[in-house]
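# Structural description and commentary
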2 protein chains.
Amino acid sequence: MNEPASDWSEAEAELMRATYRSLLEHGYADLSVSRIADELGKSKASIYYHYDSKEALLTDFLGFAVDRFEAAVAAETGDDPSATLDDVLDRLLPRTLEEEHRQVQTVILELRTRALTKPAFREAATEMDDRLAATVREAVETGIEDGVFDDTDAEAVAEHVLATANGAMYARATTDREAAAATVRDSLEAYLDETLGRR
Amino acid sequence: MNEPASDWSEAEAELMRATYRSLLEHGYADLSVSRIADELGKSKASIYYHYDSKEALLTDFLGFAVDRFEAAVAAETGDDPSATLDDVLDRLLPRTLEEEHRQVQTVILELRTRALTKPAFREAATEMDDRLAATVREAVETGIEDGVFDDTDAEAVAEHVLATANGAMYARATTDREAAAATVRDSLEAYLDETLGRR
């Protein structure tokens, strides 16, 4: 479904997985290319062979995270548009958030927040939201074409879902209002049921 | 409406306004107590008399920002629940964002993002969202009591509106997807019209 996953060579994918483990272990603030190299079991030079800077590596990591997200949604739901929407919500806005998932969301938000001041992160965050919105929009369009959803403005639904999920994710990571996230999840599902005529 | 505004002495309010101007001028990264003191035209010692640390001052600043927000909404809309909801959306999620407003939102997000790692900011962000959600919830409750809105779950509506507005604000500050913000604003109004039975 959606865009084909980018082509990551096995060496690149290994580097991205090492970056992921380093981010979980050290957090964004204490991340360094040295630590990623340690995690990878290779030299710093081998990383700088692929990337000019930590920033370049981390902006690519955001793209890798979206690729993994899309591949996981596609593997789980195939072409079923309603299941796709539910799975996207389960991943972005689960009713309860497991510890590793919480750490991943925090790391993604820390990286995205660099976009407030760094153009390279802004570009990566823009692409990330473009792709997430496209995943939702295409599922809505497919459901309308298949006659399982009411005819509606798929782009508006996609942007609404993305903004609400992003906002709840952001609030969950920056406040102690955990119950609010579950309330928003329920409300967002009710909005989709109503707007798409889902039962 | 809502909570009574906190009681800021004139000296405290002056300090908060100087903090606001310093944040707009220097951004969060280059902010210092010295710069706030310069802006205030007083000594650093006079600031440390009130606050132990820059962090304590800035978490209070988030409370000051919410006080100003609530006072502005109340002054603009009085007790009209539908006007209150529209005014909240105009302030959080305007269709086009003026430059100063954009800077203010960026500064607030930079401060809130400290909550990812700093408990004091997390507490301030929690209180901020509690109060914003209460503003929306109380407007919805008033509208239901007055018979101008359909009977509905006011808390769910409030959390939905807040998450969507926060998400769109966050995306606007961290991406180049400016058109998406206007799309979300339209969709959020349509959601309110539908859910509350507004014409």
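Presented here is a report on the structure given in the accompanying data block. Just so it is clear, the model here is predicted, and its values are computed rather than measured.

## A short note on the side chain of B:T174
Tracing the sequence through the fold places B:T174 in helix α8 (residues 154–174). On the basis of relative accessibility, which here comes to 1%, the residue B:T174 falls in the buried class. Here the side chain of B:T174 touches A:R112 through a polar contact of 3.2 Å, side chain to side chain. Every residue in contact with B:T174, bar those within four places of it in the chain, is listed here: A:R112, A:A115, A:L116, A:R122 and A:A125.

## Some words on the pattern of salt bridges
Within this structure, the stated rule accounts for 38 salt bridges over all chains. Taking the shortest distance from any N to any O, the salt bridge between A:R177 and B:E159 comes out at 2.7 Å. One end of the pair, A:R177, is in the loop between α8 (154–174) and α9 (178–196); the other, B:E159, is in helix α8, on a second chain. Both residues of the pair, A:R177 and B:E159, count as buried. Linking B:R131 and B:E70 is a salt bridge whose minimum nitrogen-to-oxygen distance equals 2.9 Å. With B:R131 in helix α7 (residues 119–145) and B:E70 in helix α4 (residues 54–77), this residue pair connects regions lying 61 residues apart in the sequence. As far as the burial class goes, B:R131 and B:E70 line up, both buried. It is possible to trace a salt-bridge network through shared partners that takes in A:D90, A:R95, A:R185, A:D186 and A:E189.

## Looking at the interface of chain A and chain B
Listed per partner, the contact involves 40 residues of chain A and 40 residues of chain B. Summing both sides of the interface, chain A and chain B together bury roughly 3,400 Å²; the carbon and sulfur share of this comes to 56%. Taken as a group, A:L116, A:Y170 and A:R177 account for 21% of the area that chain A buries against chain B, more than any other trio of residues on that side. Counting across the chain A and chain B interface gives 6 salt bridges. At the boundary of chain A and chain B, one finds 19 residue pairs in polar contact (both at pLDDT 80 or more). Of all the secondary structure elements, the ones that give two or more residues to the side of chain A that touches chain B are α6 (99–113), α7 (119–145), α8 and α9 of chain A. Among the residues making up the side of chain A that touches chain B, the classes are represented as 16 nonpolar, 12 polar and 12 charged.

## Describing a negative patch on the surface
Where like charges cluster on the molecular surface, the negative patch consists of A:D79, A:D80, A:E145 and A:D146. Its location among the elements puts A:D146 in the loop between α7 and α8.

## Comments concerning α9(A)
Residues and elements named next belong to chain A. Here α9 contains 19 residues, and its C-alpha end-to-end distance of 28 Å stays within 8% of the 27 Å for a straight helix at 1.5 Å per residue. Those residues of α9 lying buried are A180, A181, T183, V184, R185, S187, L188, E189, Y191, L192 and L196. Just beyond α9, the residue with positive phi is G197, at close to 65°.

## Things to note about the environment of A:T106
You can see A:T106 is positioned in helix α6. What makes A:T106 buried here is its relative accessible area of 19%. Each C-alpha atom of the pair A:T106 and A:T174 lies 8.9 Å from the other, and the pair is 68 residues apart in sequence. Those residues in contact with A:T106, other than ones at most four positions away along the chain, are A:A173 and B:L116.

## Looking at the relation of the copies chain A and chain B
Two chain copies here: they are related by a rotation about an axis and a translation along the same axis. With an axial shift of 0.0 Å and an RMSD of 0.0 Å, the rotation relating chain A to chain B amounts to 180°. Taken together, the turn and the small shift mark the pair as related by a two-fold rotation axis.

## Quick look at the environment of B:V148
Among the structural elements, B:V148 can be located in the loop between α7 and α8. Distance in space between the C-alpha atoms of B:V148 and B:P81 is 8.7 Å, their sequence separation being 67 residues.

## A look at the packing of helix α1 (residues 10–26) of chain B against helix α2 (residues 33–40) of chain B
Residues and elements named next belong to chain B. Across the interface, α1 lies against α2 with an axial gap of 8 Å and an inter-helix angle of 115°. Like other packed secondary-structure pairs, α1 and α2 cross with a definite hand, here right-handed. Residues E14, L15, A18, T19, R21, S22, E25 and H26 of α1 lie in contact with α2, whose contacting residues are R35, I36, E39 and L40.

What counts as what
- Residues numbered from 1 in each chain as written.
- Chains lettered and ligands numbered in written order.
- Predicted model: local features only at pLDDT ≥ 70, side-chain atom pairs only at ≥ 80, totals over all residues.
- Heavy atoms only, no water.
- Helix = DSSP H or I, 4+ residues; strand = E, 2+ residues; numbered from the N terminus.
- Buried < 20%, exposed > 50% of the residue type's maximum accessible area, 1.4 Å probe, protein only.
- Polar contact = N/O pair within 3.5 Å; in protein donor to acceptor, adjacent residues only side chain to side chain.
- Contact = heavy atoms within 4.5 Å.
- Salt bridge = Lys/Arg side-chain N within 4 Å of Asp/Glu carboxyl O.
- Buried area = accessible area lost by both parts, 1.4 Å probe.
- Nonpolar A, V, L, I, M, F, W, Y, C, P; charged D, E, K, R; others polar.
- Patch = residues over 30% accessible without salt bridge, like charges linked within 9 Å, V, L, I, M, F, W, Y side chains within 5 Å.
- Areas by Shrake-Rupley, 256 points an atom, 1.4 Å probe, with all protein chains shown as cover.
- Lys, Arg positive; Asp, Glu negative; His and termini not counted.
- Charge placed at Lys NZ, Arg CZ, Asp CG, Glu CD.
- Expected span 1.5 Å × (residues − 1).
- Least-squares fit on C-alpha atoms with pLDDT ≥ 70 in both.
- Axes fitted to C-alpha atoms, helices over the stretch in contact; angles between N-to-C directions.
- Left-handed = near helix turned anticlockwise from the far one by under 90°.

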